[in-house]
Amino acid sequence: MADPVFLISGASSGIGAATARQAAEAGYRLVLAARSTDRLRELASELGGEERAVAVPCDVTDWDQQQVMVGTALERFGQLDVAFANAGFGATRGFLEESPEQWRSMVLTNVYGVALTIRATLQALKDARGHLLLTGSVAGRRALPGSLYSATKWAVTAMGESARQELHGTGVRVTLIEPGVVDTAFFSNQPTDALGADDIARVVMFAVSQPEHVDVNEVLVRPTAQRG
Ligand SMILES: NC(=O)c1ccc[n+]([C@@H]2O[C@H](COP(=O)([O-])OP(=O)(O)OC[C@H]3O[C@@H](n4cnc5c(N)ncnc54)[C@H](OP(=O)(O)O)[C@@H]3O)[C@@H](O)[C@H]2O)c1
């Protein structure tokens, strides 16, 4: 049997890149998507080059690019076993902060982009009886003060559960990954006492390595030092 194929959006840094490395180590072939083409190409080459990893430039807010991403995965590797909709970013808290344009971009990326990744990968995941994972957040489980970002992650929480219900009976598993504070480029100032991206990648690999009858529905992981 050919090695399984793992697609990651937001693979150019942080949680996505750490997951790509651990998935490669576990024997997956990789489809790496984000907007930073150079970073993706470097990572693809680090993870074994053409035979093992393909870099696909993709802005997740663009439906055509999402279709090309999945088309490339199927053309290159012939199957799609895991799709990790992980691309996203935050914003300064406060409803008078940032700009309306920044909000639009964040909502389109964190909500619409995740929905488009689900839409683009759904048939291939059904064909493979595969696994869909979404990166939510602890901020998608409780409201943070003045945080539109938190609202986008509540939407991701809802999408995880609604996708799971829609996919019931298809063999496709759905997992919502809900990190607390992780030390990545997500923050402009480096957080203290945070998780590392590798800590979240290990949780992703735990979910995808369960036997077929086990669907880890959601995992909330905070640093031991994080109170709320
Ligand atoms: N760090 C935390 O504390 C934390 C906690 C909870 C949840 N999360 C979530 O974890 C996910 C990954 O974030 P991270 O912490 O790993 O931060 P990160 O290092 O900044 O990674 C974010 C990734 O998303 C990609 N991305 C952003 N906008 C995109 C777009 N329009 N199209 C395609 N890719 C896009 C970025 O790549 P390009 O810029 O190259 O496109 C990058 O690869 C996000 O959904 C974030 O909300 C993070």
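Just so it is clear, the structure is predicted and the values come from calculations on it, not from any experiment. Throughout this description, residue numbers start from 1 for each chain and increase along the sequence as written. Totals for whole chains, interfaces and linings use all residues, but because this is a predicted model, local features are given only for residues with pLDDT of at least 70 and pairs of side-chain atoms are given and counted only at 80 or more. Excluded from the side-chain calculation are hydrogens and water; included are all heavy atoms of the structure.

Caption draft 1: Fine view of the site of the ligand. The local shell around the ligand holds 29 residues, among which Ser-13, Arg-35, Ser-36, Tyr-149 and Thr-184 are the closest. Note that a nitrogen atom of the ligand is positioned 3.0 Å from one of the side-chain N or O atoms of Asp-59. At 2.8 Å from an oxygen atom of the ligand is found a main-chain nitrogen or oxygen belonging to Val-182. Here the accessible surface of atoms and residues is derived via Shrake-Rupley with a 1.4 Å probe, and residues count as covered only by protein chains that are part of the display. Burial of the ligand by the surrounding chains reaches 93%, relative to a free accessible area of 880 Å². Cavities and pockets were defined on a 1 Å grid built from protein atoms only: a cavity is a group of points that admits a 1.4 Å probe but offers it no way out, a pocket is an open group of points flanked by protein on both sides within 12 Å along at least five of seven lines, and a lining residue is one with an atom within 4 Å of any such point. Cavities and pockets are treated as containing a molecule whenever more than half of the molecule's atoms lie within 2 Å of their grid points. When each cavity is represented as a set of grid points, the ligand is found to reside in the largest pocket. One heavy atom within 4 Å of a molecule or strand is enough for the residue carrying it to be called near that molecule or strand. Polar contacts here mean pairs of N or O atoms no more than 3.5 Å apart (in protein, one a potential hydrogen donor and the other a potential acceptor; neighbouring residues in sequence count only if both atoms are side-chain atoms).

Caption draft 2: Highlighting the nonpolar core. Membership of the largest hydrophobic core comes to 34 residues, with the highest contact counts inside it found for Phe-6, Tyr-28, Leu-30, Leu-32, Phe-84 and Leu-133. The helix count covers DSSP runs of H or I at least four residues long, the strand count covers runs of E at least two residues long, and both are numbered beginning at the N terminus. Those elements giving two or more residues to this core turn out to be β1 (5-9), α1 (14-25), β2 (29-34), α2 (37-46), β4 (82-85), α6 (197-208) and β7 (218-221). The contact criterion used throughout is that any non-hydrogen atoms of two residues lie within 4.5 Å. Once you skip the residues sitting within four places of it in the chain, Leu-30 turns out to touch Phe-6, Ile-8, Ala-20, Ala-23, Ala-24, Leu-47, Arg-52, Ala-53, Val-54 and Phe-77. As used here, the term nonpolar core means buried Ala, Val, Leu, Ile, Met, Phe, Trp, Tyr and Cys residues forming a set that is joined through side-chain atoms within 4.5 Å. We call a residue buried when its accessible area falls under 20% of the maximum for its residue type, exposed when it is over 50%, and partly exposed in between, using a 1.4 Å probe and counting protein chains only. By size, the runner-up hydrophobic cluster in this structure holds 29 residues, among which are Ala-73, Phe-77, Ala-120 and Leu-132.

Caption draft 3: Region of interest: the side chain of Ser-150. In this fold, Ser-150 is placed in helix α5 (residues 148-166). For Ser-150, a relative accessible area of 2% translates into the label buried.

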